[in-house]
Amino acid sequence: MPGRRPRRPERPTRILPRRPKALLPTLAVLIGLIIFFSVFTNFWTELLWYRSVGYSGVFRTRLVTRLLLFLVFGLIMGGAVAGTVYAAYRLRPSFRGASAEQQSLDRYRMAIDPFRRLIVIGIAALLGLFGGLAASGKWRTWLQWRNKVSFGVKDPQFHKDVSFYAMTLPWWRFVIGFLFAVVILALIATVVTHYLYGGIRLQSPGERVSPAAAAHLSVLLGIFVLLKAVAYWLDRYGLAVASERFVVSGWTGLRYRDVNALLPAKTTLAAIALICAILFFANLVRRGWLLPGIGFGLLVLSAILIGGVYPAIVQQFQVKPSERQLEAKFIKRNIDATRAAYGLREVDIKQYNAQTTATEGQLRNDADTTASVRLIDPAIVSPTYKQDQQVRGFYEFPDTLDVDRYKVDGQTRDVVVGVRELDQEGIPANQRNWINDHLVYTHGFGFVAARGNTRQADGHPSYLEADIPPKGTLGEFEPRVYYGELSPSYSIVGAPAGSTAAELDYPDDAQPNGQANTTYGGGGGVKVGSFFNKLLYAVKYRDEKILLSSGVNKDSRILYDRQPRERVEKVAPWLTVDSNTYPAIVDGKLVWIIDGYTTTSGYPYSSRRTLGDVTATSLTTENRSVIAPQDTVNYIRNSVKATVDAYDGTVTLYAWDESDPVLKMWTKAFPGTVKPFADITPGLMAHLRYPEDLFKVQRDLLAQYHVTDATAFYSGQDFWRVPTDPTGDGDQPPYYLTIRMPDQDAANFSLTSTLVPNNRQNLAAFVAVDANPGGDYGKLRVLELPRNTVVPGPAQVQNNFRSNTAVSQQLNLLTRGGQSTVRYGNLLTLPVGGGLLYVEPVYVEGATGSATFPLLRLVLVSFGDKIAINETLQGALNSIFSGNAGTETGEQPPPSGQPPPSGEQPNANLAAQLDAALSDAQAAYNRGQAALKDGNFAAYGTAQKDLEAALRRAADLSRRLNTTSTTPTPSPTATTTSAAPS
């Protein structure tokens, strides 16, 4: 039409993209798959590990037991809560009235009803999950009850076998506690459901609880009180294993108050609770809360008066005025049970009137002991081993070495041993990468052993086995260490036959590249050649290189969980593992030896100890601490000796105490895991020993339980304690020594310790246990000193050493100019010469620098009130015993000093020469540090040799200076003085 404006084209409607509805479900599925695969990875790699060590039965038993407990107790928890909610819903009243309270609740009911079933199932499943997890954690308790074995010993109060307290009672206590939780949660769910659906009305003018709700609640309350009756009854037996502070810490067992007041009270309360439960159940027939309420009130009142007030009155007004007499019978029970539970029943205690006067030839009858005195301190000489035997920076020795026995020149001698392990922290930073860390640097190499009773003339250890490849007198053995205390988290080893070896074996200058390579040929580890296994371990270690690297081939094996104690703990999760693992050459193999303990905290009347506390000494570290399923125990046996092959990781468990009922119980639960005692080879038997942690526990208890008279025990006046380490921080550790006790015909490898009175520092007793298998192995011998004889204890002896003028002069010469420092070695105590001889090696090391290491220079000796210091033990002993100790130590003497030039006075110029030698040492040290900073290792090595020569010259000059400036003694440089009275 004319004049009509044209229509604008319509703007197209903008369509917004819809959010995909499948996004959230897809994300949920992906997250679920990731979680599932992560759990599956942990599960499957654990199974592969157990298969690789031949202990898949242990994995299976634990898994099945935990799953069974999880399912059964989870169903009980979830089913009980869901069932009681369902019952409460079914019992809801059909008419709820029109009160404001019910109108308000209608809104909640309308909101909940469409999802009621889902909510109940969700809550029940969640509670069932928590309940199942709690129960699965009690798998050890279940297996103990399921496989219980009689001890053959009954408690003196209830006359029940010890197994009832150790294996049965803990399980029933858990069951009762779990059922209490079920009933309480069910009761809460029932009250909430009845209130929500009108069965319970708080604002109703009429009946506030419907008859159906009342019956339902009565049943639950009746079950709760019935469980309380059972708990009271079990509590009667629990008194036999209850601990408190009485006379000693950790006291366990019934006392006069318990037997005469608390035990009748528990029985009475159990009867009252049973009657109260019957009244609640009767409420199903006779409706009303009066009688159940009276019964429950009576139970609460009785629990306060009979269970609490009455025993307190008996204790305060009857026991305390005559406590010593009334408790005597129960103290005696505690003494007898504690000594039996800790293996102290056969302790041989002898009075020892220690002589304090030294005479010529006094040690003539102790030649076998003095010839075996261990001067090399395994807690000090590790830096020296590193200096002499580390070879490369990526090798390492433990901070504390170990003591073992080997045949030396036809005689068994104490030897200080260590393994040259791989320490990847020592690899140069520019060489650290995934291939080197996991495919090249895979193992340590070699075993180093030195005589314990002597050293080289220059103070270095006298090695019996050393170097790379190994050289020495200990025979042929496999030196490669793929499983050790310092091994990496995982290594991948192995290759097809004919492949080029990729693993660094050891440094070898004869090879073109300066190293010998090898390919692992053992059967240890898990095969990781398949794509699936590569994927599993790539996920486990979160490292894709395991999956992608060409260095992982079809014959590859992955080694992990490589620490010996960790491997033993995994294959025997019921064992308490000793803090000290030690290496030994056994039948041509390098193996780690680990002591395992069976323990319980359920031995009636036996006092409890916390293992982590009583086994801690000045040498305890994170890597040298006890591994225990339960830390507090009142029964312990060294029932298992375990070995771990350092090459292929094979774990072998041997029954050591086959009569132990706890071991019998666990071998029933895990059949085939422990080999019989008869399978221990003679080669292994020669290196087994009495374990340190067991001895620490026993000496701690022996300090109190050497007193067997109840009256004397109550007074506590004769109690002892473990002395503090005078050269360290903490309790003095026990020492392995070869000694002959006064009643023995020959010296024996023993574990020894001293004990001092509770509030004094003088010596109270010397304790030794035969540590060598066979004969009197495990026999504890105690030399108890008369109370009126003051023999100095370790702290007093150390104080006498340090405050002695002659000793200070000699030590000052060695530390002159601040170029070196003195380190005191282990203070050893030896029952020789009719008295007690103290021996302490003295080490000297450079004051500063990373290359300092201690060398044995002097030996301190104390007997009675005499002190001697000398370069050798022989010289010090001769000095103490009037020039002739009557025995030969067999040490290698230090080099004699050269005589002074003709016409020169003995003291002339020696001090100046000493100053010059120390100046040379400082200059050599400075040159070495400068070379090390510049990376010039050849110059550094030359400087170290110059430093050692200068220090050796300074030591010789100081000896000569001291010899010529003091009154001559039977041995050169020996100084003898009398200590001040302690």
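Residues numbered from 1 in each chain as written. Predicted model: local features only at pLDDT ≥ 70, side-chain atom pairs only at ≥ 80, totals over all residues. Heavy atoms only, no water.

**Side note on the overall build of the chain**
And then number 1: Broken down by element type, the chain carries 27 helices and 35 strands.
And then number 2: Burial status across the chain gives 53% buried among its 982 residues.
And then number 3: Taking as baseline every contact in the chain between residues at least 6 positions apart, the subset at least 24 positions apart corresponds to 70%.
And then number 4: Here the chain displays about 43800 Å² of accessible surface, and carbon together with sulfur accounts for 56% of that area. (Helix = DSSP H or I, 4+ residues; strand = E, 2+ residues; numbered from the N terminus. Buried < 20%, exposed > 50% of the residue type's maximum accessible area, 1.4 Å probe, protein only. Contact = heavy atoms within 4.5 Å. Areas by Shrake-Rupley, 256 points an atom, 1.4 Å probe, with all protein chains shown as cover.)

**Some points on the packing of aromatic side chains**
Two aromatic rings are characterised by how far apart their centres lie and by the angle between their planes.
And then number 1: Applying the stated criterion across every chain yields a total of 50 aromatic pairs.
And then number 2: Measuring from ring centre to ring centre gives 5.6 Å for Phe-73 and Phe-174, while their planes differ by 50 degrees; the resulting arrangement is tilted. One end of the pair, Phe-73, is in helix α2 (residues 56–90); the other, Phe-174, is in helix α6 (residues 162–196), with 101 residues separating them in the sequence. Phe-174 matches Phe-73 in its accessibility class, with the two residues each being buried.
And then number 3: Between Phe-164 and Tyr-237, the ring centres sit 5.1 Å apart and the planes meet at 75 degrees, which makes this aromatic pair edge-to-face. One end of the pair, Phe-164, is in helix α6; the other, Tyr-237, is in helix α7 (residues 211–238), and 73 residues separate them in sequence. (Phe/Tyr/Trp six-rings, centres within 6.5 Å; stacked < 30°, edge-to-face > 60°.)

**Regarding the confidence of the model for the chain**
And then number 1: Put simply, the chain has an average pLDDT of 87, and 89% of its residues get 70 or more.
And then number 2: Overall, residues 896–909 carries pLDDT values under 50, and its contacts beyond four positions in sequence, including any with other chains, amount to 14 contacts.
And then number 3: Across residues 963–973 the pLDDT falls below 50, and counting only partners more than four positions away or on other chains, this stretch makes 17 contacts in the model. (pLDDT = per-residue confidence, 0-100.)

**A few points about the layout of surface pockets**
And then number 1: Counted as a void, the second largest pocket has a volume near 750 Å³.
And then number 2: Considering each element in turn, the lining of the second largest pocket owes the most residues, four residues, to strand β23 (residues 635–645). (1 Å grid on protein atoms, 1.4 Å probe; cavity = no way out; pocket = protein on both sides within 12 Å on 5 of 7 lines; lining within 4 Å. Points joined across faces, edges and corners; volume = space filled by probe spheres on them.)

**Some words on helix α11 (residues 328–341)**
And then number 1: If you check α11, its first and last C-alpha atoms are 20 Å apart, about what 14 residues at 1.5 Å a residue would give, namely 20 Å.
And then number 2: Counting buried residues along α11, ten of its 14 residues qualify, which places the element largely inside the surrounding structure.
And then number 3: Gly-343 sits one or two positions beyond α11 and adopts a positive phi of about 70 degrees. (Expected span 1.5 Å × (residues − 1).)

**Describing the nonpolar core**
One recurring pattern in soluble globular proteins: nonpolar side chains tend to sit buried together.
And then number 1: Grouped together as the largest cluster of nonpolar side chains are 155 residues, with contacts concentrated most on Phe-447, Ile-492, Val-568, Trp-574 and Leu-653.
And then number 2: Among all residues touching Val-568, those that are not within four sequence positions of it are Leu-575, Val-577, Ile-594, Ala-642, Val-644, Val-651 and Leu-653.
And then number 3: By size, the runner-up hydrophobic cluster in this structure holds 59 residues, among which are Phe-397, Tyr-735, Phe-766 and Val-807. (Core = buried A, V, L, I, M, F, W, Y, C linked by side-chain atoms within 4.5 Å.)

**Focus on the side chain of Glu-323**
And then number 1: Checked against the element boundaries, Glu-323 lands in helix α10 (residues 323–326).
And then number 2: A distance of 3.5 Å separates a polar atom in the side chain of Glu-323 from a polar atom in the side chain of Gln-315. (Polar contact = N/O pair within 3.5 Å; in protein donor to acceptor, adjacent residues only side chain to side chain.)

**Remarks on the pattern of salt bridges**
And then number 1: Tallied over the entire structure, the rule returns 30 salt bridges.
And then number 2: Asp-776 serves as the salt-bridge partner of Arg-781, at 3.1 Å between the closest nitrogen and oxygen.
And then number 3: Salt bridges sharing common partners tie together Glu-244, Arg-255, Arg-257, Asp-258, Glu-323 and Glu-327. (Salt bridge = Lys/Arg side-chain N within 4 Å of Asp/Glu carboxyl O.)

**Structural notes on the sheet that holds strand β10 (residues 461–466)**
And then number 1: Strands sit in the order β5-β6-β9-β10-β11 across an open sheet of five strands; the sheet is antiparallel. The open sheet has two edge strands with one neighbour each: β5 (402–408) and β11 (471–472).
And then number 2: Pairing of β10 with β11 involves two bridges; the strand directions are antiparallel. Paired with Ala-466 across the two strands is Lys-471, which belongs to β11.
And then number 3: The strands touched by helix α13 (residues 382–389) within the sheet are β6 (411–419), β9 (447–455) and β10, with β10 carrying the most contacts at an inclination of about 60 degrees. (Pairing = 2+ DSSP bridges. Axes fitted to C-alpha atoms, helices over the stretch in contact; angles between N-to-C directions.)

**Considering the packing of α6 against α7**
And then number 1: Packing of α6 against α7 brings their axes to within 10 Å, and their N-to-C directions diverge by 160 degrees. The orientation of α6 with respect to α7, classified from their angle, is roughly antiparallel. Taken as a pair, α6 and α7 cross one another with a handedness that is left-handed.
And then number 2: Classifying every residue of the contact of α6 with α7 gives 23 nonpolar, four polar and three charged. (Parallel < 35°, antiparallel > 145°, perpendicular 65-115°, else oblique. Left-handed = near helix turned anticlockwise from the far one by under 90°. Nonpolar A, V, L, I, M, F, W, Y, C, P; charged D, E, K, R; others polar.)

**Some words on the environment of Gly-250**
And then number 1: Within the secondary structure, Gly-250 is located in strand β2 (residues 248–252).
And then number 2: Sequence separation between Gly-250 and Thr-632 is 382 residues; the distance between their C-alpha atoms is 9.4 Å.
And then number 3: Ignoring anything within four residues of it in the chain, the contact list for Gly-250 reads Ser-243, Glu-244, Ser-607, Arg-608 and Arg-609.

**Some remarks on the pairing of strand β33 (residues 855–863)**
And then number 1: Extensive coverage of β33 is indicated by the burial of nine of its nine residues.
And then number 2: As judged from the eight bridges shared by strand β32 (residues 837–846) and β33, these two strands associate in the antiparallel manner. Bridge pairing in β33 links Glu-840 to Leu-860.
And then number 3: Looking at chain direction, β33 and strand β34 (residues 866–870) are connected through five bridges and run antiparallel. When the bridges of β34 are listed, Val-861 appears paired with Ala-868.
And then number 4: In this structure, the hairpin formed by β33 and β34 is closed by a connection of two residues, where Gly-864 is found at a positive phi of approximately 65 degrees.

**Focus: unusual backbone geometry**
And then number 1: Put simply, Ile-468 and Pro-469 share a cis peptide bond, and its omega is -10 degrees.
And then number 2: Relative to the assigned elements, Pro-469 resides in the loop between β10 and β11.
And then number 3: In this structure, Asp-467 is a non-glycine residue whose phi angle is positive, near 75 degrees.
And then number 4: Along the chain, Asp-467 falls in the loop between β10 and β11.

**Some words on the sheet that holds strand β16 (residues 526–527)**
And then number 1: If you trace the three strands from one edge of the open sheet to the other, you get β13-β17-β16, paired in antiparallel fashion. Two strands bound the open sheet, and with one partner strand each, they are β13 (490–493) and β16.
And then number 2: Bridge count for β16 against strand β17 (residues 557–560) is two bridges, and the pairing is antiparallel. If you follow Lys-527 over to β17, its bridge partner there is Arg-557.

**Digging into the packing of helix α8 (residues 256–282) against helix α9 (residues 290–319)**
And then number 1: Where α8 contacts α9, the two axes come as close as 9 Å, and the packing angle between them is 180 degrees. Of the possible angle classes, the one that applies to α8 and α9 is roughly antiparallel.
And then number 2: Split into classes, the residues belonging to the contact of α8 with α9 amount to 21 nonpolar, seven polar and one charged.

**A word on empty space enclosed by the protein**
And then number 1: According to the stated counting rule, one finds seven cavities of 30 Å³ or more in the structure shown.
And then number 2: If you add up the space inside the largest cavity, you get close to 260 Å³.
And then number 3: Elements supplying a minimum of two residues to the lining of the largest cavity: β5, α21 (692–705) and β26 (735–739).
And then number 4: In terms of residue class, the lining of the largest cavity is made up of nine nonpolar, six polar and seven charged.
And then number 5: Its volume calculated, the second largest cavity comes out at about 60 Å³.
And then number 6: If you trace the second largest cavity, you find it lined by Gln-732, Pro-733, Tyr-735, Leu-737, Thr-752, Ser-753, Thr-754, Phe-766, Leu-827, Leu-828 and Thr-829.
And then number 7: When residues of the lining of the second largest cavity are traced back to their parent elements, those giving at least two are β26, β27 (748–757) and β31 (828–830).
And then number 8: With three residues, β27 is the single largest residue contributor to the lining of the second largest cavity.

**Thoughts on the pairing of strand β29 (residues 780–784)**
In the case of a regular strand, side chains alternate between the two sheet surfaces.
And then number 1: Burial runs high along β29: five of the five residues are buried.
And then number 2: Across four bridges, the pairing between strand β3 (residues 348–351) and β29 is parallel. The residue of β29 that forms the bridge with Lys-350 is Leu-783.
And then number 3: The sheet contact formed by strand β28 (residues 765–770) and β29 spans five bridges and is antiparallel. Looking at β29, one finds that Val-767 is bridged to Val-782.

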